[in-house]
Amino acid sequence: MRATALSIPAHLGYVSLAASVVRSAAQLMNLSDAVTNRAELSVVEALDNVIEHACGNDPSRAVSLVIGALPGAMQVVIRDDGPAFDMVAAGKAAARTDTALRAATLPDSGFGLALINETTDIARYERTGGWNELRLVFFAS
Amino acid sequence: MRATALSIPAHLGYVSLAASVVRSAAQLMNLSDAVTNRAELSVVEALDNVIEHACGNDPSRAVSLVIGALPGAMQVVIRDDGPAFDMVAAGKAAARTDTALRAATLPDSGFGLALINETTDIARYERTGGWNELRLVFFAS
Amino acid sequence: MPSFAIPVARPTVHLQTAAHGPLLVVRPAHDRLNAHLAGAFRTALLDLFESGHERLVVDLSGVAFMDSSALGALVAVHKRCVAENGLFLLCDLSPAVASLFDLTRMSSVFRIYPTVTDAVATYAPNHP
Amino acid sequence: MPSFAIPVARPTVHLQTAAHGPLLVVRPAHDRLNAHLAGAFRTALLDLFESGHERLVVDLSGVAFMDSSALGALVAVHKRCVAENGLFLLCDLSPAVASLFDLTRMSSVFRIYPTVTDAVATYAPNHP
Ligand SMILES: Nc1ncnc2c1ncn2[C@@H]1O[C@H](COP(=O)(O)OP(=O)(O)O)[C@@H](O)[C@H]1O
Ligand SMILES: Nc1ncnc2c1ncn2[C@@H]1O[C@H](COP(=O)(O)OP(=O)(O)O)[C@@H](O)[C@H]1O
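About the criteria used
Residues numbered from 1 in each chain as written. Chains lettered and ligands numbered in written order. Predicted model: local features only at pLDDT ≥ 70, side-chain atom pairs only at ≥ 80, totals over all residues. Heavy atoms only, no water. Near = heavy atom within 4 Å. Polar contact = N/O pair within 3.5 Å; in protein donor to acceptor, adjacent residues only side chain to side chain. Areas by Shrake-Rupley, 256 points an atom, 1.4 Å probe, with all protein chains shown as cover. Helix = DSSP H or I, 4+ residues; strand = E, 2+ residues; numbered from the N terminus. Salt bridge = Lys/Arg side-chain N within 4 Å of Asp/Glu carboxyl O. Buried < 20%, exposed > 50% of the residue type's maximum accessible area, 1.4 Å probe, protein only. Pairing = 2+ DSSP bridges. Axes fitted to C-alpha atoms, helices over the stretch in contact; angles between N-to-C directions. Contact = heavy atoms within 4.5 Å. Nonpolar A, V, L, I, M, F, W, Y, C, P; charged D, E, K, R; others polar. Phe/Tyr/Trp six-rings, centres within 6.5 Å; stacked < 30°, edge-to-face > 60°. Lys NZ or Arg CZ within 6 Å of the ring centre and 35° of its normal.

1. Here we look at the site of ligand 1
Residue and element names in this part refer to chain A.
At step 1: Every residue near ligand 1 is listed here: Asn49, His53, Ala54, Phe85, Met87, Ser109, Gly110, Phe111, Gly112 and Leu113.
At step 2: At a separation of 2.8 Å, an oxygen atom of ligand 1 approaches a polar side-chain atom of Asn49.
At step 3: The contact in question runs from an oxygen atom of ligand 1 to an N or O atom on the backbone of Leu113, over 2.9 Å.
At step 4: Protein burial of ligand 1: of its 530 Å² of free accessible surface, 72% is covered by the chains.
At step 5: By residue number, the principal contributor to the shell around ligand 1 is helix 2 (residues 33-54), which donates three residues.

2. Here we look at the pattern of salt bridges
Residues and elements named next belong to chain A.
At step 1: In the structure shown here, the tally under the stated rule is 22 salt bridges over all chains.
At step 2: With its nearest N and O atoms 2.3 Å apart, the salt bridge here joins Arg23 to Glu40. Taken together, the positions of Arg23 in helix 1 (residues 15-28) and Glu40 in helix 2 put the pair 17 residues apart, joining distant regions of the chain.
At step 3: Taking the relative accessible area as the measure of exposure, Arg23 reaches 24% and is therefore partly exposed.

3. What to know about the sheet that holds strand 1 (residues 15-20) of chain C
Residues and elements named next belong to chain C.
At step 1: As summarised here, the arrangement of the five strands in space is 1-2-4-6-7, forming an open sheet in which the pairing is mixed. In this open sheet, the two strands that pair with only one neighbour each are strand 1 and strand 7 (111-113). Averaged over all adjacent pairs, the angle separating strand axes in this sheet is 25°, with direction ignored.
At step 2: In terms of strand pairing, strand 2 (residues 23-28) meets strand 4 (residues 55-59) through three bridges, oriented parallel. In the sheet register, Val26 faces strand 4, and the bridge partner there is Val58.
At step 3: Helix 1 (residues 35-50) rests against strand 1, strand 2 and strand 4 of the sheet, and its axis sits at about 25° to strand 1.

4. Remarks on the site of ligand 2
Residues and elements named next belong to chain B.
At step 1: Residues in contact with ligand 2, as listed here, are Asn49, His53, Ala54, Phe85, Met87, Ser109, Gly110, Phe111, Gly112 and Leu113.
At step 2: Backbone polar atom of Gly112 to an oxygen atom of ligand 2: 3.2 Å apart, as the coordinates give it.
At step 3: Contact distances for ligand 2 include 2.9 Å between an oxygen atom and a backbone N or O atom of Leu113.
At step 4: Look at ligand 2: alone it shows 530 Å² of surface, and the protein chains cover 72% of it.
At step 5: Looking at which element gives the most residues to the shell around ligand 2, the answer is helix 2 (residues 33-54), with three residues.
At step 6: Grouping the constituent residues of the shell around ligand 2 by class yields five nonpolar, five polar and no charged.

5. Considering the packing of aromatic side chains
At step 1: Scanning the model with the defined rule gives six aromatic pairs over all chains in all.
At step 2: Aromatic side chains C:Phe101 and C:Phe110 sit 5.5 Å apart centroid to centroid with 70° between the ring planes, which places their arrangement in the edge-to-face category.
At step 3: Look at C:Phe110 and you get buried, because its relative accessible area is 5%.
At step 4: Pairwise contacts between aromatic rings join C:Phe88, C:Phe101 and C:Phe110 into one cluster.
At step 5: In this arrangement the basic side chain of A:Arg79 is found over the ring face of A:Trp131, its NZ or CZ atom lying 4.2 Å from the centre.
At step 6: Of note, C:Arg32 hangs over the ring of C:Phe65, and the distance from its end group to the ring centre comes to 4.3 Å.

6. Things to note about unusual backbone geometry
Residues and elements named next belong to chain C.
At step 1: Backbone geometry places Asp92, a non-glycine residue, at a positive phi of 60°.
At step 2: For Asp92, the location among the structural elements is in the loop between strand 6 (87-91) and helix 3 (95-103).
At step 3: Under the relative-accessibility criterion, Asp92 is labelled partly exposed at 29%.
At step 4: In this structure, Arg105 is a non-glycine residue whose phi angle is positive, near 60°.
At step 5: Examined against the element boundaries, Arg105 turns out to sit in the loop between helix 3 and strand 7.
At step 6: By relative accessible area, Arg105 is classed as partly exposed at 25%.

The following block contains the structure:
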């Protein structure tokens, strides 16, 4: 059986299109709403980062997703041709938001990497031949 | 700017995933609900045919869509590697349903090709290098 | 990159039913009725007919999208009902579904009501 | 095959507003609040604040999905309100949105009410 593959321009307007593919694929796999929501959030955060930071919002560049199944899990592989950046390692290093912070010092950005880590069951990064490849796995239960 | 490309296995379960991509793309283009619905129906009917008749419901085969914009229009190109079949010519030849028919003789299939013709502003078929390529264009207004 | 694919579960049709006197109102609990579901949908409706429910109302209020294969399933059940002097009504078509019926000239073949209430009021006025 | 692409319109934020005494209830008319909209969303809320609406209730009942960029926009407006002794309430979070607030520990930063009615009853009981 073939995988499902999607390629979009590196433009934030297309992230919702990619999210709808992830949701549809999750439905085809009969994933629960909770797992579907987690997968959607993780993929959206990863795509937001790839489009903004790896591709500099340049819509002449493409970002690709390959969605498939592992036993009991959905896998989404995201590929871009931006500079090497290990989102998984950076996410592990990202400090958790300290809720004891006073309003004045609350961060109003920088939540993405920690969110990918928290919503994804297995995340792997690989640099292969000029591509960043981020492999996100979501367990069905 | 890059086009949006989708590849799915030739399995009817994936048609709704492709439909959600068409709907999202139509929304990104600010197409009206009426045009969006027309485009969705046309693409679904074409994919149903490609998957059933060209690919014999064999999910190891892939069907691809490329969605893009022409001035004032959305274009969807559908490609499969099945036997040559000109859906546009066959659609023009397809007789319209005769509503004067008695219930006993009403057809309960065979509506697809005529529907593609009626919902699509421009449809072109091409056979290129082992591929069927169906180009469907929907005017924004 | 290795190629994984998603195994698609066999389609199961979910129909909600409610009796109104001689009528059985059947509501498909699917927002999309398409070729993937059409065969199972047709079988499920014909099974209801065979089990003695010969006056069926299909409530399409939950169906946002329908393709020609699902329409074909409705035509098949309609033919069966007409052939055996049953009744087959449709109601509550979304704009996209109504447009499918118009484009295929099936609007004039089926008896279509705006709402379940209208259909029931016409054929089972004592069983609202 | 030539490569065509879809030109994406610049994002426009649609906010429905309703005054309840000193409170302004603001309802984003978007089912997705994401990075594409976040900048415009933040600006629109701050514009309301600058134009004198210093007690804002953001009604998220229409928002099925939110990402961290849109959350960041809310944090920015919250900080501004707190800094200037205004009020910034949120209400009616969908399950996915509530989960985003939990995962980022922002549930304990914002004042979150189940419904608009609850928020209004607490801060503007004479203006239901
Ligand atoms: N794919 C990427 N390529 C390069 N840099 C990245 C990438 N993803 C994230 N970063 C860097 O990591 C930082 C933190 O990312 P994140 O937690 O998602 O927050 P935000 O994107 O809101 O800044 C970014 O600001 C950016 O500097
Ligand atoms: N892509 C295709 N390849 C081969 N044959 C096709 C293709 N599309 C349509 N056909 C043929 O044309 C017929 C009519 O198609 P259609 O009007 O869509 O109705 P249906 O698929 O319900 O039979 C099909 O039954 C099939 O024989």
